Structures are given as structure tokens and as C-alpha cells.
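Descriptive analysis of the structure
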Number of protein chains: 2
Amino acid sequence: MKNRSIILAKRPLGNPKHDDFALQERELEEIHDNEILVKNFAISLDAGFRNWMNEDAGDEILPAMPLGEPVMGLSLCEVIETKNPEYLVGDKLMARFAWQEYSIGKPGDFIAKLPKDLSFPYSYYLGVLGDTGMSAYFALTEIAPPKKGQTVLISAAGGAVGSIAGQIAKIYGARAVGISSSLEKCDFLINELGYDAAVNRKAPEGQAEAIKAVCPDGVDIFLDNVGGETLQAAITNMNHRGRIVMIGAVTHYTSEGPPTAPNNLFELSSKEITAQGLMTHFRHDQYDDVRRKLEAWLSEGKLKSFEHKLTGIENVGVAFCQMFDGQNFGKTVVDL
Amino acid sequence: MKNRSIILAKRPLGNPKHDDFALQERELEEIHDNEILVKNFAISLDAGFRNWMNEDAGDEILPAMPLGEPVMGLSLCEVIETKNPEYLVGDKLMARFAWQEYSIGKPGDFIAKLPKDLSFPYSYYLGVLGDTGMSAYFALTEIAPPKKGQTVLISAAGGAVGSIAGQIAKIYGARAVGISSSLEKCDFLINELGYDAAVNRKAPEGQAEAIKAVCPDGVDIFLDNVGGETLQAAITNMNHRGRIVMIGAVTHYTSEGPPTAPNNLFELSSKEITAQGLMTHFRHDQYDDVRRKLEAWLSEGKLKSFEHKLTGIENVGVAFCQMFDGQNFGKTVVDL
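Residues numbered from 1 in each chain as written. Chains lettered and ligands numbered in written order. Predicted model: local features only at pLDDT ≥ 70, side-chain atom pairs only at ≥ 80, totals over all residues. Heavy atoms only, no water.

1. Focus: the overall build of chain A
Looking only at helices and strands, chain A has nine helices and 15 strands in total. Along the first, second and third principal axes, the C-alpha set of chain A runs to 60 × 45 × 35 Å. A separation of at least 24 residues holds for 68% of the contacts in chain A among residues at least 6 apart in sequence. Total accessible area on chain A stands at roughly 13400 Å², and carbon and sulfur atoms take up 48% of it. Here chain A contributes 33 positively and 45 negatively charged side chains, and the mean placements of these two sets differ by 4 Å. (Helix = DSSP H or I, 4+ residues; strand = E, 2+ residues; numbered from the N terminus. Contact = heavy atoms within 4.5 Å. Areas by Shrake-Rupley, 256 points an atom, 1.4 Å probe, with all protein chains shown as cover. Lys, Arg positive; Asp, Glu negative; His and termini not counted. Charge placed at Lys NZ, Arg CZ, Asp CG, Glu CD.)

So this is what it looks like as C-alpha cells:
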């Protein structure tokens, strides 16, 4: 049987481009004892994976992705053949598998079973009920729960995490302000996602001034998906004892050479700011509980899912690039 | 009556130099209603005040220091004339007064009364029982209390805060590792202050490698007084969910143009590190309680005070410069 994959053709420099990725067809291997064969039916695109496309980028979560091999990601899949008694044919899973039509799961891979009866569309389990929803939830409940009336600033606010985080801030009665990369996206933040105000990251007066204009009382909580100059501009506007949750740092993934900003870290001391990093990967044990809470908000209509969908294995690299070009509105998913 | 002061003669560029300061003699003014006249008998030197010597450096704690005027600092003093019923002649105070022999205290100045009967030498109330002791205490008890056996890394470890913080880390059963600016100071850290290991900030292999060599199991808590490249090197060595307390950032006070390091802030996300800023100025309401705890440790012999003492108003600027040149061992105080 043939298996089509998207391989890492080149190591991206800066933002990933279409020809960093290529379609490859290979014969599917046989599975061995304790392995499973799955058919991937949806691929999740997450900016954080960009980090492991660089040479020597390996860490405790993932090794650096090798050139010429299928790109690692997160997928929804169904077991179609099993030599592992824990998994039955027909089981639906969320797993850290590559961008391909079929994958072989081995013991030790990150694999989570999805419930038999899903209350929501599959793709929700990659977005609002998956890693990105979890990130927004942990950030604004465990790490930095907003008080009523506080100002919550969110970067990459129209992206996967930001589209949920803004809604959670509103659920808690906070004022949600989003930073985004275009005027079109700023409209989306306010008109679709319910943000109270939006900041264009490319505003001619600079991000710090643009944030100040819509946050005259300062920022109490900042959720950062971007890093670099955006983080610097937010720090300038933070209030005393403000809290920063560092979820991601797109600037760091894509910069050629070391990113230099922010240069105002002294303000973390002088304003007694707390900055805390969050990687949802380390909280898999809480996923089931949190998923139920997010499902409740979805059912009550307090939370909505926003998805940017493409179709076909040949479009997985395309979808990944669109995310860095700011073309995604909400969570990016490719249906296979 | 004559009053001698040290004025800010020039705005320092980088590390302060002797001729940034000058001795000036003026006639002492009369005091008005609700004012007090005090004789300063000891001046505290604190690196953090460097920050307000820059133009436009004013913030919620202090305005930028004006050129040609006495330099602001922290002093111990005795009331010698009073037109304020709250203060009696003979009261001993700690106050944010300038580098001068006599000062006039006005309502609204930061002034704290010292107890009538002091159990320790006066200068302790500027060091181990003053702002610097408080900083070390808050950092390692409230913000990042170490667990037994954890590794606590401290920058500017032989300075005012570091000389106390290392001892507190040991009281809690942690391993204390200090970063300092010379081999001579590294010896001081180990032989006098009881640090378990020391890192020379100017080690030829670079700070990150030098830290790694003495912290093979990584760093659990980092107390930073320095910022910049030292912070960057520490982040590289931090363990998952490590904690950073940002007490000061000497690099930021003295850099010409914006400091660029650290460039590895993404590791705050990937290792879920928490970084928290601390300014003891915001915790004056807890000083009496904490002072009693520190006094108990001093009485029990668990904590020692290390002081770098000079004498005479003409040496206050000199003492300040020595601190930035790494010539101080412990807390720098000038007796008048």
C-alpha cells in the first residue's frame, strides 16, 4: 500500500516557505509486535513545531526534525491494523505523528485515545479541545487567572491559542485586547472573537504606543505567543505586579541569528512582574478534566471554535506557511 | 551651619567613575513646620540607585536625579532639630536621604524609625537588616524558597544581597553556587560566605559553560542581580520549572544603549521557567516582621554580616564606584 507524506525538503530560514516542504510517496511498511497502523484523517498545524525544524533544535520534547523525512506534527487518526492489545481497530486517537496519510505507532509515542462518542466535530479535538485550547485554558486559569475588569493583552490573538484565550478572558469578566498582524485580522478579533480592542502589530507608531492607546490603564496580564519586539512593547505597558504567560515565541522560531529584543527586562524587576513559561505537553495528565470544562463552555455557547481548514495531504505544508504569514483565522487544520 | 554633600557632577556612562561625583559645601537651610533636621551618620551604597542617575530615568519609586544636586541614597541618621511632633530629638531613623552630612526631612519622605535599643551594630540596619537583607529574604522565602538539596545560583554573589542570599540558601539546606567577577571574590564566596561552589563571570570558556561545570544537575533557582549575559547563561542551565528571581540588573543600569541579552527567552516557555521581579521598596509593611526573623538568625549564628566600610563624606562616591568595579566584599557602607 502506498503512503503519501510531506517531508522536510529544506530547513526553513525565517518564516517557512512552500518549497521547504515536498510531497513524497513511499511503500507502507509492515507493522511489528506492539505496533499499530493508523489512518490519519486530520492534521493539526501548530507554530511551535517550527522550532524543531532547525538543526540542533532537539530538546526534551522532540528531537530536531531530520531533512528528507516526514515532518512531525499532531494528528487525529483511526486504528486500521493492530498488533498491540491496548488498541483495537476503529479506535480513534490523537497522536504526535508525522504529516502523512498513514502512520505506524510504536510504544512510547505520544498517543491519547479519543472518547468513543464525541460531542463535537473531530477537528475540535485538535483545536479548542486539544493542545491549543489547553494552552489558553491553563494560561488564564492556573497561571494567570484574570480578575473582573482587568486588562488581558494577547499576542497572535487571532491564531489558534489567541482565538480561545480572548474568549476565556471575557468569560472571566476581563477586558480582552488582542495584537494581530493585519487590519483585516484586527476586524476579525473584534467582530468575530469578541475582543474589546485590537492592536495592529505593524502600526506605524510602533507596538508600544499602539498598545498604550487602547490600554490607557495599563496591562494586567499578557499572554505571549510571539516574543521579541511584541514582548518588549507589552512589558512597557505592564502594570505593577502584572503577569506574563509565555506560551510561544514565534519570533524565536523564525529569526535568523539570535533574537535580541526585549531589551527592557529590567522592568520585570522594577514593576515586580512575573513571567511564566507554559508548555501544555507537560500537563497531559490534566487533559481529560480540562477537556470536560471546555466542552461545558462550548455547550453553553460561552466558547466558540474558529477554524481555518484546508484539505488534502498536499496542502499540509501550505497550511503551515499560511499560519506564519498571518493568513489563518483561528485554528489551522487540514482534513486528509 | 555648613553642610557637605556629594553632588552628581556628571551623568555616568557605563560604570560610574570618581569624577561623576563632587564634594560641595553649602549653608544649611532653616527647617519649616513639620520638617526635621537630621545628622546622617552612615550612608548605604546600593547599586540600584545607579538607575536613577540617567536622564529621564524617573519611575514610581524615584525621579531621575538632577545634575548638580546631592545624590539620593539611603542613610541612617539622628534627629537633631524637629518641628514635627512625630519625631523627637535623638530619634534614630533610616531614610531615603541624599549623600550629605545633614538632611532636612519633609512629610512624605521615606523615613522609618529604628528601635530605641538596637541589638546589632547600626550598619547592620543598612545591610543584613536593611533593604539588601530584605531582598535576599523575600527572594528565598516568599518568591522562590529552595527545597533541600536544590541548587541555588546567585549572581553578584559577593555583593550586598548575594552575601546574605547564599547564607539563606544554606540555611534551607540547598546547594549555593555564586557567580562573581574575579577569582579573588570567588575565594571569598567559598571561604568566607560558605558557598559550595563559585563561578568567575570572566571565565574564558564563557559563563554558561562555567556554570554547567559546577552545576552538573542544572540550576533550580537563580537569583539575579546582574541581568544581560549572566541571565542568559543562567537560563541555559536552568532546570524544568526552575525559578528566577530578578532582584537587580546591574548590566541594565550601566549599559550605554539598550542591553540586548538574553536572547534565549524562549527557554522560559520550553522549560516552563517562572521569572519574577522583586523590589523590596514595595514591601515596607513587612520590614518589622522580617527584621525580627533575620535578627534571630544572626543571634543563632546562622547568618553573618559582611561589610565593606569606608569613612567620610568625601568617600561616598568612591565607595559607590568600588561596588561596580567589584571591589566590595559584602555590603558597602560609609560611616560619616
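2. Topic: the interface of chain B and chain A
With 33 residues of chain B at the contact, the number on the chain A side is 33 residues. Summing both partners gives a buried area of about 2700 Å² for chain B against chain A, and 58% of it is carried by carbon and sulfur. Linking chain B to chain A there are two salt bridges. The salt bridge involving Arg283 of chain A is made with Glu272 of chain B; its shortest N-O contact spans 3.6 Å. Seen at the junction of chain B and chain A, the total is seven residue pairs in polar contact (both at pLDDT 80 or more). Contributions of two or more residues to the side of chain B that touches chain A are made by β12 (238-246), α6 (250-254), α7 (266-270) and β13 (274-277) of chain B. Looking at side-chain class alone, the side of chain B that touches chain A contains 16 nonpolar, twelve polar and five charged residues. (Buried area = accessible area lost by both parts, 1.4 Å probe. Salt bridge = Lys/Arg side-chain N within 4 Å of Asp/Glu carboxyl O. Polar contact = N/O pair within 3.5 Å; in protein donor to acceptor, adjacent residues only side chain to side chain. Nonpolar A, V, L, I, M, F, W, Y, C, P; charged D, E, K, R; others polar.)

3. Here we look at the relation of the copies chain B and chain A
Copy one and copy two of the chain differ by a rotation about an axis and a translation along that axis. Mapping chain B onto chain A leaves a residual RMSD of 0.0 Å; the transformation is a rotation of 180° accompanied by 0.0 Å of translation along its axis. What we have between these two chains is a two-fold relation. Here 100% of the interface residues in chain B have copies in chain A that are interface residues too; the copies meet face to matching face. (Least-squares fit on C-alpha atoms with pLDDT ≥ 70 in both.)

4. With respect to the side chain of Arg283 of chain A
Within the secondary structure, Arg283 of chain A sits in the loop between β13 (274-277) and α8 (287-299). Those residues in contact with Arg283 of chain A, other than ones at most four positions away along the chain, are Phe138, Glu142, Ile143 and Leu278 of chain A together with Arg241 and Glu272 of chain B.

5. Thoughts on the packing of aromatic side chains
Taken as a whole, this structure holds 24 aromatic pairs over all chains when the rule is applied. Ring geometry for Phe49 of chain A versus Trp52 of chain A: centroids 5.5 Å apart, planes at 65°, classification edge-to-face. The exposure classification of Phe49 of chain A matches that of Trp52 of chain A, with both residues buried. Ring geometry for Tyr172 of chain B and Trp297 of chain B: centres 6.3 Å apart, planes at 85°, overall edge-to-face. (Phe/Tyr/Trp six-rings, centres within 6.5 Å; stacked < 30°, edge-to-face > 60°. Buried < 20%, exposed > 50% of the residue type's maximum accessible area, 1.4 Å probe, protein only.)

6. Focus on the domain arrangement of chain A
Residue and element names in this part refer to chain A. The domains assigned to chain A are domain 1 (2-127 + 305-335) and domain 2 (132-281). Between the C-alpha centres of domain 1 and domain 2 there is a distance of 28 Å. Where domain 1 abuts domain 2, roughly 1600 Å² becomes buried across the two surfaces, and 65% of that area is made up of carbon and sulfur atoms. Where domain 1 touches domain 2, the interface holds four residue pairs in polar contact (both at pLDDT 80 or more). (Domains from an automatic or database assignment.)

7. Notes on unusual backbone geometry
All names here are of chain A. One non-glycine residue, Asn34, adopts positive backbone phi at about 70°. Residue position: Asn34 is located in the loop between β2 (21-27) and β3 (36-44). With relative accessibility at 40%, the residue Asn34 sits in the partly exposed group.

8. A word on the pairing of strand β6 (residues 102-105) of chain A
Residue and element names in this part refer to chain A. By the alternation rule, side chains of β6 split into Tyr102 and Ile104 and Ser103 and Gly105, which are all buried. Across four bridges, β3 lies against β6 in antiparallel orientation. Residue pairing in the sheet places Val38 in a bridge with Ser103 of β6. (Pairing = 2+ DSSP bridges.)

9. Quick notes on the sheet that holds strand β11 (residues 219-224) of chain A
If you trace the twelve strands from one edge of the open sheet to the other, you get β10(A)-β9(A)-β8(A)-β11(A)-β12(A)-β13(A)-β13(B)-β12(B)-β11(B)-β8(B)-β9(B)-β10(B), paired in mixed fashion. Both outer strands of the open sheet, β10 (197-200) of chain A together with β10 (197-200) of chain B, are each paired with one neighbouring strand and no more. On average, each strand axis in the sheet is inclined to that of its neighbour by 15°, with strand direction left out of account. Here four bridges tie strand β9 (residues 175-180) of chain B to β10 of chain B, and the two strands are oriented parallel to one another. For Ile179 of chain B, the partnering residue across the bridge sits in β10 of chain B and is Val199 of chain B. (Axes fitted to C-alpha atoms, helices over the stretch in contact; angles between N-to-C directions.)

10. Some remarks on the environment of Val226 of chain A
Residue and element names in this part refer to chain A. When you line up the elements, Val226 lands in the loop between β11 and α5 (228-237). With a relative accessible area of 7%, Val226 lands in the buried category. The spacing of Val226 and Ala210 is 16 residues in sequence and 16 Å in space, taken between C-alpha atoms.

11. Section: the pattern of salt bridges
A side chain of one charge can pair with a side chain of the opposite charge when the charged atoms of the two come close. Tallied over the entire structure, the rule returns 36 salt bridges over all chains. Across the salt bridge formed by Asp91 of chain A and Lys113 of chain A, the nearest N and O atoms sit 3.8 Å from each other. One end of the pair, Asp91 of chain A, is in the loop between β4 (74-82) and β5 (92-95); the other, Lys113 of chain A, is in strand β7 (residues 111-113), and 22 residues separate them in sequence. Look at Lys113 of chain A and you get partly exposed, because its relative accessible area is 45%. Measuring nitrogen to oxygen at the nearest pair gives 2.9 Å for the salt bridge that ties Asp289 of chain B to Arg292 of chain B. With Asp289 of chain B and Arg292 of chain B both in helix α8 (residues 287-299) and three residues apart, the pair spans about one turn of that helix.

12. Notes on helix α1 (residues 131-143) of chain B
Taken across its 13 residues, α1 of chain B has twelve buried, putting it largely inside the fold. Turning to α1 of chain B, its buried residues are Asp131, Thr132, Gly133, Met134, Ser135, Ala136, Tyr137, Phe138, Ala139, Leu140, Thr141 and Ile143 of chain B.

13. A closer look at the environment of Ala98 of chain A
Residue and element names in this part refer to chain A. Assignment of secondary structure puts Ala98 in the loop between β5 and β6. Residue classification places Ala98 among the buried positions, given a relative accessible area of 6%. Sequence separation between Ala98 and Ser5 is 93 residues; the distance between their C-alpha atoms is 7.8 Å. Excluding residues within four positions of it along the chain, Ala98 makes contact with Asn40, Ile43, Pro70, Val71, Met72, Gly73 and Ser103.

14. A few points about the environment of Gly173 of chain A
All names here are of chain A. Turning to its location among the elements, Gly173 is positioned in the loop between α2 (160-171) and β9 (175-180). Residue class for Gly173 comes out partly exposed when judged on its relative accessible area of 30%. For Gly173 and Asp196, which are 23 residues apart along the polypeptide, the C-alpha to C-alpha distance reads 11 Å. Sequence-distant contacts of Gly173, defined by excluding residues within four places in its chain, comprise Lys148 and Gly149.

15. Points about the packing of helix α4 (residues 207-214) of chain B against helix α5 (residues 228-237) of chain B
Residues and elements named next belong to chain B. Put simply, α4 and α5 touch, their axes get as near as 8 Å, and they point 45° apart. With respect to their mutual orientation, α4 and α5 come out oblique. Of the two possible hands of crossing, α4 and α5 adopt the one that is right-handed. In this structure, α4 uses Gln207, Ala208, Ile211 and Lys212 to contact α5, whose residues at the interface are Glu229, Thr230, Ala233, Ala234 and Asn237. Its residues assigned to classes, the contact of α4 with α5 shows four nonpolar, three polar and two charged. (Parallel < 35°, antiparallel > 145°, perpendicular 65-115°, else oblique. Left-handed = near helix turned anticlockwise from the far one by under 90°.)

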